[in-house]
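# Understanding the architecture of this molecule
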Amino acid sequence: MNTQYRQQILSTVAAIPRGFVSSYGDIARLAGLPNQARLVGYVLKTLPEESRIPWHRVINAQGKISFPCDSLSYHRQRLALEEEGLIVKNNKVQWLKKRWAAQ
DNA sequence: GCCGTGACTTTCA
DNA sequence: GTGAAAGCCACGG
């Protein structure tokens, strides 16, 4: 599956600076794929560990982590965000001051 | 080739 | 601020 989208999405996610986060919709839009936020999630889901993509810096538009609280991925993402200075309170990420958008 | 599903978004109550 | 419903698109069965 070629999916030229995949490389575009990965490039966009990889461009997120450390300590900043973005949403699936923004990633899709910046990658030139509006209305395809779900595809971003799908790509990240099928993402191998070797890709070295900061997928933990991508959250949903509500500022929440798109995983169940009991999920392992949820904890990994939360820890990674807190490791970069992001604050997670009540399943919500304080990204309003740290949201990233490519110019 | 139809159908259900998903790491989503936006709008409305 | 919270929750439900409709909309969107690609993938696998």
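Overview of the structure.

How each quantity is defined
- Residues numbered from 1 in each chain as written.
- Chains lettered and ligands numbered in written order.
- Predicted model: local features only at pLDDT ≥ 70, side-chain atom pairs only at ≥ 80, totals over all residues.
- Heavy atoms only, no water.
- Near = heavy atom within 4 Å.
- Polar contact = N/O pair within 3.5 Å; in protein donor to acceptor, adjacent residues only side chain to side chain.
- Helix = DSSP H or I, 4+ residues; strand = E, 2+ residues; numbered from the N terminus.
- Nonpolar A, V, L, I, M, F, W, Y, C, P; charged D, E, K, R; others polar.
- Phe/Tyr/Trp six-rings, centres within 6.5 Å; stacked < 30°, edge-to-face > 60°.
- Lys NZ or Arg CZ within 6 Å of the ring centre and 35° of its normal.
- 1 Å grid on protein atoms, 1.4 Å probe; cavity = no way out; pocket = protein on both sides within 12 Å on 5 of 7 lines; lining within 4 Å.
- Points joined across faces, edges and corners; volume = space filled by probe spheres on them.
- Core = buried A, V, L, I, M, F, W, Y, C linked by side-chain atoms within 4.5 Å.
- Buried < 20%, exposed > 50% of the residue type's maximum accessible area, 1.4 Å probe, protein only.
- Contact = heavy atoms within 4.5 Å.

Around DNA strand B, the surrounding shell holds 13 residues, and the nearest of these are Tyr 24, Arg 38, Trp 55, Asn 60 and Ala 61. The sugar and phosphate moieties of DNA strand B supply 42% of its atoms located within 4 Å of the protein. Backbone polar atom of Leu 44 to a base nitrogen of DNA strand B: 3.2 Å apart, as the coordinates give it. Looking at the surface near DNA strand B, the elements that each hand over two or more residues are helix H2 (24-30) and helix H3 (37-45). Grouping the constituent residues of the surface near DNA strand B by class yields six nonpolar, five polar and two charged.

Counted according to the given criterion, the structure contains zero aromatic pairs. Above the ring of Phe 20, the side-chain terminus of Lys 98 is found at 5.1 Å from the ring centroid.

Looking now at the layout of surface pockets. Over the atoms a probe the size of a water molecule is rolled, and this reveals where empty space is left. What the largest pocket holds in volume is close to 430 Å³. Lining the largest pocket we find 19 residues, and of these Tyr 24, Gly 41, Leu 44, Lys 45 and Phe 67 sit closest to its centre. Sorting the residues of the lining of the largest pocket by element identifies H3 and helix H4 (72-83) as the ones contributing at least two each. When residues of the lining of the largest pocket are assigned to their parent elements, the largest contribution, six residues, is made by H3. Among the residues forming the lining of the largest pocket, the class breakdown is 10 nonpolar, four polar and five charged.

Before going further, it helps to spend a moment on the nonpolar core. Core analysis: the largest hydrophobic core is formed by 16 residues, its most contacted members being Ile 9, Val 13, Ile 16, Ile 27, Val 40, Leu 44 and Val 58. Elements with a contribution of two residues or more to this core: helix H1 (4-14), H2 and H3. Setting aside anything within four residues of it in sequence, one finds Leu 44 in contact with Tyr 24, Trp 55 and Val 58. Counting nine residues, the second largest nonpolar core, distinct from the first, contains Ile 59, Ile 65, Tyr 74 and Leu 81.

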